[in-house]
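Results of the structural survey
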Amino acid sequence: MLVQILASSWYEARYRQRQSVPEGERGSVPRNEMRRTWLYSAFALVLTLILLCVRFVLSHYHVGIWQNISYFDIIVASMFYQFCLYVALRLAHGGFTLGELALVSFGGLALGTEMLSLTRTKMWPKTTPFIRTYRLPTPLLVFQIALIGGSFVTGFLLSPLLVLSRHIAQRPVRRLRFPQEKPKHRRALAAGFYFGTVVIVVGLIGPWTWWNLGRRDPWIWAMFWILGGKRKWTRPLLLAYWALLGSISVAGWNRQLSRSRKYRPRNTTHSGENAIVPVAVTQSQRAAENVVSPTTPTGALGLTFPNLPNGTQVATDLLDAADKRVPTLGVNARRKFFHGLAVAMFLPGVAVDPAFTHLSFNAAFALFIFAEYVRYFAIYPFGAAVHLFMNEFLDQKDSGTAILSHFYLLAGCAGSVWLEGPTQLDQYTGILALGVGDALASIVGKRFGKHRWFAGSPKTVEGSVAFVLSLVVCAWLLRIFRLVEEFSVRSPHFDGARCCPLTFT
């Protein structure tokens, strides 16, 4: 990463003095897409050759650095890391800081090297002395690589269909060669994406998983594993609990977002940041609403009911009347709601069955990846609906092409479980830091924060204190309920905040 930054700075300085660069463009970045890709590939190859030379020199002078890394591993690590950098920058341009970009690229490199190590062990078991993985090579690791790594592989293999789908969806009808064929083309591309996904899962990812599970069918293994908890009903009950919370949340937010679109916000000086006041109804609108159609039926008590099928308009009118008096939520409150939802969903799972929660995190992350494919590339027929739903939760942090907030939340909660720490408290650190600490820090910092850490920083001392205190209180509550082992605040194991980025305010 450091070499990339230095090389980019040097290359940018060469073109900084040019005056003929159009506004909004950089002279160092070629306009041609193919030329851009070839230049980056050449740079990655040169950097890999330099690393190989460094490895040779260190080995020649018997310097104890990189001695346990083969030349092949250096080539794979260097090329794949730079590939992850390039893909992350292209798919989420403007959505990463340097630290986040480095973490994402290293995460992709870790999954890629683990997948390669497992595959090499299966192909050449006699010549492979041990399995080089960062965690224990259990079936959970195999499923994580299959679900998360397989999702990216699917997107890479189907990228021509995805790019074409986005191109057709964005292009105005008047500029198409056959405008009347646009819906048909979108349906055809969507069918190709869905069919291609099934083919890749069944024909590529499934056989690889079957091979690494010792020739056991992954679908049957997963179904039996769901029934293999402490009790047969424990894991199905967790699935039902997660499905119920997710369904209620999505349905409730659909209702909330429809209200926020129907009643546009009005800026007020006395209302809080998280409240949006509905627009007042004018006298003419109120008079129009009170007009009763002559064909409207009247009940026995003199009540009038709209003449609509199934009486659904009655409930709709009552809900609309209530909607005019209930304030909607702002962006910050909407986002922090999902932090609380993450605690309510994941904390019982980690407490009851960490292994099953590990697998469920992988499945949820893969589902998020495919949802982002559908949203960003406008896959018919769900692309527009997913985009409108996600667009209501964006803030200044989601300035890139991809929406990454839900990925950050899920990865932050799941990271402590995926890393398989030595203590029980380690498994809860991600959920507590993001679900509780970050949410409380943001609320306290925005409402009561007065002392900034330094000039121009959005972070406040009050938000930081709230973050730390909330983590300590939650950790002690887990200890009181005997969900974790005994610990001391002076113990090196009590360091949950380091597992997640400190995004408090």
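Further up the page is the structure itself.
Residues numbered from 1 in each chain as written. Predicted model: local features only at pLDDT ≥ 70, side-chain atom pairs only at ≥ 80, totals over all residues. Heavy atoms only, no water.

Right, let's get into the overall build of the protein. When you go through the protein residue by residue, the secondary structure sums to 17 helices and two strands. Expressed as a percentage of the 505 residues in the protein, the buried residues total 36%. Look at the contacts in the protein between residues 6 or more apart in sequence, and 69% of them connect residues 24 or more apart. For the protein, the computed accessible surface area is about 30700 Å², with 67% contributed by carbon and sulfur atoms. (Helix = DSSP H or I, 4+ residues; strand = E, 2+ residues; numbered from the N terminus. Buried < 20%, exposed > 50% of the residue type's maximum accessible area, 1.4 Å probe, protein only. Contact = heavy atoms within 4.5 Å. Areas by Shrake-Rupley, 256 points an atom, 1.4 Å probe, with all protein chains shown as cover.)

We now examine the nonpolar core. One broad trend across soluble globular proteins is that nonpolar side chains are buried collectively. Among the nonpolar cores identified, the biggest contains 62 residues, and Phe346, Phe361, Phe365, Ile379, Cys413 and Leu432 are the most heavily contacted of them. Aside from chain neighbours lying at most four places away, what touches Phe361 is Phe346, Leu410, Cys413, Ala414, Val417 and Trp418. In terms of nonpolar packing, the next biggest core, distinct from the first, is built from eight residues, Tyr40, Tyr86, Ala102 and Leu109 among them. (Core = buried A, V, L, I, M, F, W, Y, C linked by side-chain atoms within 4.5 Å.)

Attention shifts here to the pattern of salt bridges. Tallied over the entire structure, the rule returns six salt bridges. A salt bridge links Glu114 to Arg135; the nearest nitrogen and oxygen atoms lie 2.8 Å apart. With Glu114 in helix α4 (residues 98-123) and Arg135 in the loop between α4 and α5 (139-157), the pair connects residues that are 21 residues apart, well separated along the chain. The exposure classification of Glu114 matches that of Arg135, with both residues buried. (Salt bridge = Lys/Arg side-chain N within 4 Å of Asp/Glu carboxyl O.)

A grouping of Val46, Ile50, Val54, Phe56, Val57, Tyr61, Val63, Ile65, Trp66, Ile69 and Tyr71 is seen on the molecular surface, where their side chains present a nonpolar patch of about 980 Å² in accessible area. The topology assignment puts Trp66 in the loop between α2 (33-60) and α3 (71-91). Taking the relative accessible area as the measure of exposure, Trp66 reaches 34% and is therefore partly exposed. (Patch = residues over 30% accessible without salt bridge, like charges linked within 9 Å, V, L, I, M, F, W, Y side chains within 5 Å.)

Taking 1.5 Å per residue as the helical rise, helix α15 (residues 405-418) with its 14 residues ought to reach 20 Å, and the 19 Å between its terminal C-alpha atoms agrees with that figure. The largest bend in α15 comes to about 30 degrees, at Gly412. Taken as a whole, α15 has its buried residues at His406, Phe407, Leu409, Leu410, Gly412, Cys413, Ala414, Gly415, Ser416, Val417 and Trp418. Directly beyond the C-terminal end of α15, a positive phi value near 55 degrees is found at Glu420. (Expected span 1.5 Å × (residues − 1). Bend = angle between axes of the 7 residues up to and from the residue.)

Checked against the element boundaries, Val484 lands in the segment after α17 (461-480). Judged by its relative accessible area of 5%, Val484 is buried. As a C-alpha pair, Val484 and Ala351 span 133 residues in sequence and 8.8 Å in three-dimensional space. Among residues more than four places away in sequence, those in contact with Val484 are Gln424, Leu425, Tyr428, Ala475, Leu478 and Arg479.

A separate point is the packing of α15 against helix α16 (residues 424-448). With their axes 5 Å apart at the nearest point, α15 and α16 run at an angle of 160 degrees to one another. Relative to α16, α15 is oriented roughly antiparallel. On α16, the residues that touch Tyr408, Leu409, Gly412, Cys413, Ser416 and Val417 of α15 are Asp426, Gln427, Tyr428, Thr429, Gly430, Ile431 and Leu434. Across the contact of α15 with α16, the residue classes break down as seven nonpolar, five polar and one charged. (Axes fitted to C-alpha atoms, helices over the stretch in contact; angles between N-to-C directions. Parallel < 35°, antiparallel > 145°, perpendicular 65-115°, else oblique. Nonpolar A, V, L, I, M, F, W, Y, C, P; charged D, E, K, R; others polar.)

Because an α-helix packs 3.6 residues into every turn, residues spaced three or four apart end up facing the same way. Taking 1.5 Å of rise per residue, the 28 residues of α2 would be expected to cover 40 Å, and the 41 Å separating its terminal C-alpha atoms lies within 8% of that figure. Among all positions in α2, only Tyr40, Ala44, Leu47, Thr48, Leu52, Arg55 and Leu58 are buried. Tucked into the core, α2 has its buried residues touching α1 (2-14) and α3. His62 sits one or two positions beyond α2 and adopts a positive phi of about 55 degrees.

The omega torsion across Tyr380 and Pro381 is 0 degrees, close enough to zero to call that bond cis. Looking at where Pro381 falls in the secondary structure, it is placed in the loop between α13 (354-376) and α14 (383-391). Positive phi outside glycine occurs at His62, with the angle close to 55 degrees. Note on placement: His62 falls in the loop between α2 and α3. The exposure class of His62 is exposed, given its relative accessible area of 73%. A positive phi angle is found at Glu420, which is not glycine, with a value near 55 degrees.

Here the focus is the packing of α2 against α3. Between α2 and α3, whose axes approach to 9 Å, the crossing angle comes to 150 degrees. In terms of their interaxial angle, α2 and α3 are classed as roughly antiparallel. In terms of crossing hand, the pair formed by α2 and α3 is right-handed. A breakdown of the residues in the contact of α2 with α3 according to their chemical character gives 14 nonpolar, four polar and four charged. (Left-handed = near helix turned anticlockwise from the far one by under 90°.)

Another aspect to go through is the packing of aromatic side chains. Aromatic ring pairs are reported here in terms of the distance separating the ring centres and the angle at which the planes meet. Using the criterion set out here, one finds 16 aromatic pairs in the structure. Geometrically, the ring pair formed by Trp242 and Phe356 is stacked, given 5.9 Å between the ring centres and 5 degrees between the ring planes. In this pair, Trp242 is assigned in helix α9 (residues 234-262) and Phe356 in helix α13, connecting sequence segments 114 residues apart. Residue class for Trp242 comes out buried when judged on its relative accessible area of 11%. (Phe/Tyr/Trp six-rings, centres within 6.5 Å; stacked < 30°, edge-to-face > 60°.)

Position of His339 relative to the elements: it lies in helix α12 (residues 331-352). On the basis of relative accessibility, which here comes to 10%, the residue His339 falls in the buried class. Reaching out from His339, the side chain makes a polar contact with the backbone oxygen of Leu434 at a distance of 2.7 Å. Those residues in contact with His339 that lie beyond four places of it in its chain are Leu409, Leu434, Gly435, Asp438 and Ala439. (Polar contact = N/O pair within 3.5 Å; in protein donor to acceptor, adjacent residues only side chain to side chain.)

Here we take up the side chain of Ser249. Positionally, Ser249 belongs in helix α9. Contacts of Ser249, omitting those with residues within four sequence positions, involve Phe337 and Leu341.

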